[in-house]
Amino acid sequence: MGGQTTSIVGALVPTVKSEPEDSSAEAPSAMPPPQPPSERVQDVEEVDKDILCPICMQIIKDAFLTVCGHSFCYMCIVTHLQNKSDCPCCSHFLTANHIYPNFLLNKLLTKTSARQIAKTGTPLEQLRQALEQGCEASVKELESLLYLIAEKKSKMEREEAETNLQILLDFLHCLKKKKLDELSEIQSDLQYIKEDIHAVERRRIELCRRRDRYSAKLRMLIDDPPSKSSLPLLMDKHCGLSVSRTATAPGQGRMSSGGSQNRKVDGKSSASPLILRKDSYGGSDTQSLTHSGLALARKRRVHAQFNDLQDCYLQKRRYWARLSSEEQERDRHGSNLEGYSEGLEDFQSVLSTFTRYSRLRVVAELRHGDLFHSANIVSSIEFDRDDELFATAGVSRRIKIFEFSSVVNEPSDVQCPVAEMSTRSKLSCLSWNKYTKNHIASSDYEGIVTVWDVTTRQSVMEYEEHEKRAWSVDFSRTEPSMLVSGSDDCKVKVWCTKQEASVLNIDMKANICSVKYNPGSSIHIAVGSADHHIHYYDLRKISQPLHIFSGHRKAVSYVKFLSNNELASASTDSTLRLWDVNENVPLRVFRGHANEKNFVGLTVNSEYIACGSETNEVFVYHKAISRPAAWHRFVSTDTDEADEDAASYFISAVCWKSDSPTMLTANSQGTIKVLVLAP
């Protein structure tokens, strides 16, 4: 290939360069009819060579002759002799004292130039030559000539001025249009903001009136002893209204921990109605201080990420306004019963979920195997269908199954797994079957994809078609018998648990780092590749991908779906990216963590994206904000190792507990932590 490319380039370059020489040679050959064209071309070429300077290959200017008989441009030969002491043509010893003016050649060159100008020169060049040679002309002729030249100059100046003014006018018109568009956009944004301010103020007034009515009823009930029996019912109704209107905004109702600790807190709240009654009526100083402190902290988070929140608000507001204008039916339904526009509702959901949490709190911690053993890296953590069990796997060649409630409620440095399966090779990825609770799939460094039965601790199926290390495996959510895997052999394979051979095979040009089924479809998969791209396939047509998402600068290490149309990707370029697979557009880029060479994990839920970092930290991003919402650093309990954690260890796996604020994280030291998002 290299030899062919060189020969092609070598043939093309001379052809391009020879074209002007041929055209210039053919033109003079047609002038004198007596001579054949070939002889005339040869004579011109010989003349041209004689008057060319051997150094600059241009017509000699100010000719100087050397003692060895060669002629050069004065500046060319002087410059040459400053570096070398020889003749450029024959290498004869030569200095600046051995060159002399070549008067004869200068005269010949002058005559040749004059003849050439007379034949091919422009009228101005011919006029200039005639004046320089002393052409006789009367004063009247010169005055007429000067008048014509002045008129020509004035006309050219006017044309140039008109052209410049036209260019300036076009620029100003374009600038005016651009600024008017910006002004129109700003005015539209201001109108949105005014409408939303009025809507929020009306909402606040309504809530204040409702609170006052409730307080008045509460006072009446307290003052009227026979009515105290209906007090708990009224409080429950009021609390239910508050929760339904303030705590269950879109996308928020699902974000509850769902763990035993929350149940304990709920139990304490229901067990002390008298304290709640006092707080509701008179207000507790401690509670009000805590509430005001949390509100102040949330306001600080808003100002810290104001630019991103502003962009998010305007993007959502414009999007919904555009939909309303495109669909006239939405004009009647553009706002809900409380005056909120859909864009404001959407942004309120983002704002409330983003400002609700600011840190990650450690709930439990456990060690994965031997603390002093080098093979402790956890490559994958996955929750089962009901979030009751979670599995870990890594370079220890073991799949360990833990009970989540016992890990949280019975903290211990070393937890005993409820089940454990040994494998022949190091493990890279796990995937629970979301329908068959006791089935889990694994991929390993030998390219083997295995489906395990956790109850019997035995393998159900083994697929050995991959030729190299398999990095990723995933069960389909909509078709539980189907799973997909990707490998270093540049192949994506689709399997069925009902047969031993692969169902589909996709050959790609680069290593496969991650594969993931679309949660709402069994025919669409996303593939993260070492070619820096995400390939989105329709399995009914695998000859070419449905979409190719480009933007990452290095290998794509993970792909995860937040919803049926939102796809998150991680890369070793230290960025996460969010894509819309339906519209085939990028949505956002997330920066803050460090990831240049390792698999550091990626996990998503409906609102948040979390990943590890090579600084031994976990970072959590809200899907609408580009900067981290919270982060947590793994710190070793050994003081000697604490200073070396950032350089020695990295986060290797992360996993959300469904749509709760609870997540599992593990680092390359073998430490597993249960973290919860906290205010």
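Residues numbered from 1 in each chain as written. Predicted model: local features only at pLDDT ≥ 70, side-chain atom pairs only at ≥ 80, totals over all residues. Heavy atoms only, no water.

**What about the pairing of strand S5 (residues 378-383)?**
Stage number 1. With six of six residues buried, S5 lies mostly within the body of the structure.
Stage number 2. Judged from the five bridges that link them, S5 and strand S6 (residues 389-394) form a sheet pairing that is antiparallel. Residue pairing across strands places phenylalanine 383 opposite phenylalanine 390, the latter belonging to S6.
Stage number 3. Remark: five residues form the turn of the hairpin made by S5 and S6, two consecutive strands paired antiparallel; aspartate 387 in that turn has positive phi of roughly 60°. (Buried < 20%, exposed > 50% of the residue type's maximum accessible area, 1.4 Å probe, protein only. Helix = DSSP H or I, 4+ residues; strand = E, 2+ residues; numbered from the N terminus. Pairing = 2+ DSSP bridges.)

**A closer look at the UniProt feature "domain: RING-type" (unreviewed entry) in the protein**
Stage number 1. As recorded in UniProt, the sites labelled "domain: RING-type" (unreviewed entry) are residues 53-91.
Stage number 2. Within the segment residues 53-91, helix and strand shares are 26% and 18% respectively, and the terminal C-alpha atoms sit 16 Å apart. (UniProt positions renumbered as here; feature names shortened; annotations may be inferred.)

**A closer look at the nonpolar core**
Stage number 1. Within the largest apolar cluster, 18 residues are counted, with the highest numbers of intra-cluster contacts made by Ile381, Phe390, Phe404, Val407, Leu664 and Val674.
Stage number 2. Only strand S4 (359-367), S5, helix H13 (404-409), strand S29 (651-656), strand S30 (662-667) and strand S31 (671-678) provide two or more residues apiece to this core.
Stage number 3. Apart from the residues lying within four places of it in its own chain, the contact partners of valine 674 are Arg361, Val362, Val363, Ala364, Phe404, Val407, Val408, Thr662, Met663 and Leu664. (Core = buried A, V, L, I, M, F, W, Y, C linked by side-chain atoms within 4.5 Å. Contact = heavy atoms within 4.5 Å.)

**Let's talk about the pattern of salt bridges**
Stage number 1. This structure, assessed with the given rule, holds 23 salt bridges.
Stage number 2. Among the salt bridges present, the one from aspartate 384 reaches lysine 437, with a minimum N-O distance of 2.4 Å. Here the residue aspartate 384 occupies a position in the loop between S5 and S6, and lysine 437 occupies one in the loop between strand S9 (427-432) and strand S10 (439-444), the gap between them amounting to 53 residues.
Stage number 3. Measuring nitrogen to oxygen at the nearest pair gives 3.6 Å for the salt bridge that ties glutamate 617 to arginine 633. Of this pair, glutamate 617 sits in strand S27 (residues 617-622) while arginine 633 sits in strand S28 (residues 628-633), and the two are 16 residues apart along the sequence.
Stage number 4. Given the relative accessible area of 11%, glutamate 617 is considered buried.
Stage number 5. We classify arginine 633 as partly exposed; its relative accessible area is 37%. (Salt bridge = Lys/Arg side-chain N within 4 Å of Asp/Glu carboxyl O.)

**Quick look at a positive patch on the surface**
Stage number 1. On the surface, Arg553, Lys554, Arg591 and Arg627 cluster together into a positively charged patch.
Stage number 2. Among the secondary structure elements, arginine 627 is positioned in the loop between S27 and S28.
Stage number 3. Its relative accessible area of 39% is what places arginine 627 among the partly exposed residues. (Patch = residues over 30% accessible without salt bridge, like charges linked within 9 Å, V, L, I, M, F, W, Y side chains within 5 Å. Areas by Shrake-Rupley, 256 points an atom, 1.4 Å probe, with all protein chains shown as cover. Lys, Arg positive; Asp, Glu negative; His and termini not counted. Charge placed at Lys NZ, Arg CZ, Asp CG, Glu CD.)

**Comments concerning the sheet that holds S6**
Stage number 1. Ordered by their spatial adjacency, four strands build an open sheet running S5-S6-S7-S8, and the pairing between neighbours is antiparallel. Because the sheet does not close on itself, it has two edges, and the strands there are S5 and strand S8 (419-422). Between one strand axis and the next, the sheet turns through 15° on average, direction left out of account. (Axes fitted to C-alpha atoms, helices over the stretch in contact; angles between N-to-C directions.)

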